[in-house]
Number of protein chains: 2
Amino acid sequence: MAESTAGVGRRKILSALGVGGVGLAVGAGGVLSAQAVTAASQEEPAVADTVPFYGAHQAGITTAVQDRLHIAAFDVTTDSRDELIELLKEWTAAIASMTAGQEVGGDGAATEGSYEAPPEDTGEALDLSASHLTVTVGFGRSLFVDADGEDRFGLKDHLPEALNELPHFSGDQLESSRSDGDIVVQACADDPQVAVHAVRNLVRLAFGTARVRWSQLGFGRTSSTSTSQVTPRNLFGFKDGTANPKSEDEAVMDEHVWVSGAAGGSAWTNEGTYMVTRRIRMTIETWDRSSLAEQETVIGRTKKTGAPLSGGEEFTEPNFELAGRRGPLIDENSHVALAHPSRNNGVRMLRRGFNYTDGSDNLGRLDAGLFFIAFVVDPRTHYVPMQTAMAKNDLLSEYLRHTGSGLFAIPAGVSEGQYVGQGLFEAA
Amino acid sequence: MAESTAGVGRRKILSALGVGGVGLAVGAGGVLSAQAVTAASQEEPAVADTVPFYGAHQAGITTAVQDRLHIAAFDVTTDSRDELIELLKEWTAAIASMTAGQEVGGDGAATEGSYEAPPEDTGEALDLSASHLTVTVGFGRSLFVDADGEDRFGLKDHLPEALNELPHFSGDQLESSRSDGDIVVQACADDPQVAVHAVRNLVRLAFGTARVRWSQLGFGRTSSTSTSQVTPRNLFGFKDGTANPKSEDEAVMDEHVWVSGAAGGSAWTNEGTYMVTRRIRMTIETWDRSSLAEQETVIGRTKKTGAPLSGGEEFTEPNFELAGRRGPLIDENSHVALAHPSRNNGVRMLRRGFNYTDGSDNLGRLDAGLFFIAFVVDPRTHYVPMQTAMAKNDLLSEYLRHTGSGLFAIPAGVSEGQYVGQGLFEAA
């Protein structure tokens, strides 16, 4: 088999097989509609497993969540604004290629370029499909001003008011080497090797201009962003993200995710959003020794179906008033109660997190948990108040330890010929 | 969709959809035969995506390599032989359940057990299929004797001669916290969440008896163990494992993988094998700046098709005599030359490694590479000589750093009613 496909470009292989769309439907979600398989196996033209790169918004936000994540934050090491812009241009071209299932530098770049030069593409994704790869780029506050508040690249006047450092939340145990960063790159794909290949090649292009500050792999999505996706389970064994808004609900996206006009203080953020990242280690061993009753009380939902403890099924709206023998059926400090819009001035966040496991610590405990990612129109209204309340009161906090944190402004999407972040640099 | 499947056991969901076998065909390999999809979407009975647990040999060795890995080594913390045996019995039952796509403790254990007790299964794999899960258990030298050579559990007389510590190889930079261990558990599955779930639940059962010494996730297979699989690429961007023996070649398996009789010095190892693990970090950044010529010279194959530099296609036998203008076309210290059976007394090893990426180090370099796993009939003949030569002469060594190492005796498979390792404890 390998020989018969050798030498055929990535896109051609997938197209010839006509099954590009299948792999992604069967990943972490695990439940696959029979229709999807039937459709893919017919003689119809292939469903491409590419996500369009160009558009008003960047991909990887409302895109149906892929199965795997590789995210990296960079510190910019150059002082040159021109070099920074050049990097963003090179990244844009590379991302456009990779998300189309092509090599960085074009077909053949990994294996047929100049024999005396390093190949432009590193090659480990050569035989793999695009796997719904998306790459989403954002800017941290430290790209605009240094620790002393000095302008680094002439961008200070365009620092959005919303791009403040997140406050210290009760119980935070943040590690500097897992937090912040000048630029973030989120690569999501259904095949982890495709996501790793994307980050690795962007790291490579950044050599001499920016270097990795932290990076994280996530192996299983913990939310759905589309009504077409089933709700996955997190490492507490519970369905996660049941109440997540779905991208099909454009009114919610417009109100709670996408920045409109100069909201947050800077016009370049129009059509963009803000990304909050939190590396949340779960104290798995403690959780695993707690009773089913405790677990369900803490979450406020049943473990089996994800239905609220007030009754019904997974998507039944929780009833916080309904009383049982020992008080409300749903504890007022349960996770579902504290996260509910009714307790948060009606705000909603688009969660797009991933389960992670990073080996074990020196006490033999698994370093596992949730790499939380959320996209919000303004972190000051849509994240900070909720997290402040949760960190103090959430029954779940006992089982969580926040070890990393980041906040990034995600610029609008690009059209052909533009580079990502161009609006910021042309504004400034 | 989620609601309609809620409350239905794992096996039923997959069976009803009739697509259990699809997901695994589309993983890291990336190339999927159209026939596989067609077959799965017909009204025929489902192809189960389970690998049989019971058998003469343990699964996860000659099993067609799954896409993802979670491997953990344990230190036994009890002094009690009975507790150790009890753990192996509990593990055996749990592995039998999980590899059949069932919950630890049986259907409903995660969500419907005693409300006042911790659930027997942690639940995060509830909606997922078996995903070809295999769990392979092995014993390290330190289970038999402690650092002073003292018998720990009455097993010393049955310590196989072949289960010696590996020697120090030139260039080794081993970290104790990534090396060795009393017991190893290798979980492989096409869905990483299924592999992580397996290890996590075994860790949990071990509480008070054994604890994790190290663990490692691998996201992409780097070899094929079956003629039905295409050759994947490693993080050097090259096809890896082209010359790997295939499980269909039973004569090779019998000669080079499976222990027969009392080979290696102890009868309980009959039908078993030895597992070598090496965490091999790749100096990605250096590699990525080397020319295509250098890369191909070091490997001895073309990057594009994996053909030996002496010509032909991927599976063409390399010709080490064929001369080019500047000497042999295949450098005598290339990886393909040093690994070739003709340079190693005809020995072959069954490689079953995985690509890994564990974030980045404090210099911003990706901590990425190969988690090497090989199964051999005797490490003294089938691993140590080759690795000694490679560590000294392999051109590739410049781009590699071995940071972890392990050697484990893998006992035979079990029949229903037995527990894994029973042959050892009954012999002793």
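Only a predicted model underlies this, so the values are computations on that prediction, with no experimental measurement involved.

Conventions and cut-offs
- Residues numbered from 1 in each chain as written.
- Chains lettered and ligands numbered in written order.
- Predicted model: local features only at pLDDT ≥ 70, side-chain atom pairs only at ≥ 80, totals over all residues.
- Heavy atoms only, no water.
- Helix = DSSP H or I, 4+ residues; strand = E, 2+ residues; numbered from the N terminus.
- Buried < 20%, exposed > 50% of the residue type's maximum accessible area, 1.4 Å probe, protein only.
- Contact = heavy atoms within 4.5 Å.
- Areas by Shrake-Rupley, 256 points an atom, 1.4 Å probe, with all protein chains shown as cover.
- Expected span 1.5 Å × (residues − 1).
- Polar contact = N/O pair within 3.5 Å; in protein donor to acceptor, adjacent residues only side chain to side chain.
- Salt bridge = Lys/Arg side-chain N within 4 Å of Asp/Glu carboxyl O.
- 1 Å grid on protein atoms, 1.4 Å probe; cavity = no way out; pocket = protein on both sides within 12 Å on 5 of 7 lines; lining within 4 Å.
- Points joined across faces, edges and corners; volume = space filled by probe spheres on them.
- Nonpolar A, V, L, I, M, F, W, Y, C, P; charged D, E, K, R; others polar.

K.L.:
So what's going on with the overall build of chain A? Which residues, and what values?
P.N.:
The secondary structure content of chain A amounts to 13 helices and 12 strands. Relative to its 428 residues, chain A shows a buried fraction of 61%. For chain A, contacts bridging at least 24 residues in sequence account for 75% of all contacts bridging at least 6. For chain A, the exposed area adds up to about 15600 Å²; of that, 47% sits on carbon and sulfur atoms.

K.L.:
I'd like to hear about helix α4 (residues 81-99) of chain B, residue by residue, with values.
P.N.:
For the α-helix, the turn length of 3.6 residues means that residues three or four positions removed from each other point alike. All names here are of chain B. Compared with the 27 Å implied by 1.5 Å per residue over 19 residues, the 27 Å span of α4 between its first and last C-alpha is a close match. The distance from a side-chain oxygen at the start of α4 to the backbone nitrogen of D82 is 3.2 Å, and the residue carrying that oxygen is S80. Trailing α4 by a residue or two, G101 shows a phi angle of about 80°, which is positive.

K.L.:
I'd love a proper account of helix α6 (residues 192-205) of chain A, names of residues and values included.
P.N.:
Residues and elements named next belong to chain A. For α6, spanning 14 residues, the distance from its first C-alpha to its last is 20 Å, which sits close to the expected 20 Å at 1.5 Å a residue. Of all 14 residues that make up α6, 12 are buried, and the element is covered over most of its length. Taken together, the buried positions of α6 are P192, Q193, V194, A195, V196, H197, A198, V199, R200, N201, L202 and V203. If you check the start of α6, you find a side-chain oxygen 2.8 Å away from the backbone N of Q193, and it comes from D191.

K.L.:
I'd like a description of the side chain of A:E314, backed by residues and values.
P.N.:
All names here are of chain A. With respect to the helices and strands, the residue E314 is situated in the loop between α9 (292-299) and β7 (323-324). Given the relative accessible area of 1%, E314 is considered buried. Among the polar contacts made by the side chain of E314, one reaches the side chain of T231 at a distance of 2.6 Å.

K.L.:
Can you break down the pattern of salt bridges residue by residue, with the values?
P.N.:
Considering all chains together, one arrives at 34 salt bridges over all chains under this definition. The salt bridge involving A:R279 is made with A:D358; its shortest N-O contact spans 2.9 Å. Here A:R279 is found in strand β6 (residues 273-282), whereas its partner A:D358 is found in strand β10 (residues 354-360), with 79 residues between them in sequence. Across the pair A:D288 and B:R200 runs a salt bridge, and its minimum N-O distance is 2.9 Å. Linking A:D288 in the loop between α8 (284-287) and α9 with B:R200 in helix α6 (residues 192-205), this pair reaches from one chain into another. Exposure remark for A:D288: the relative accessible area of 6% places this residue in the buried category. For B:R200, a relative accessible area of 3% translates into the label buried. Each of A:R279, A:R281, A:D358, A:D361, A:R365 and A:D367 takes part in a single network of salt bridges with overlapping partners.

K.L.:
Go over the layout of surface pockets, please, and point to the residues and values.
P.N.:
Residues and elements named next belong to chain B. In this model, the second largest pocket occupies a volume close to 1000 Å³. Together, 49 residues line the second largest pocket, and D240, H335, A339, R351 and M390 are the ones closest to its centre. Counting residues per element, the ones that place at least two in the lining of the second largest pocket are β6 (273-282), α10 (335-339), β11 (366-376), α12 (384-393) and β12 (400-410). Ranked by residues supplied to the lining of the second largest pocket, first place goes to α12 with four residues. For the lining of the second largest pocket, a count of residues per class yields 22 nonpolar, 15 polar and 12 charged.

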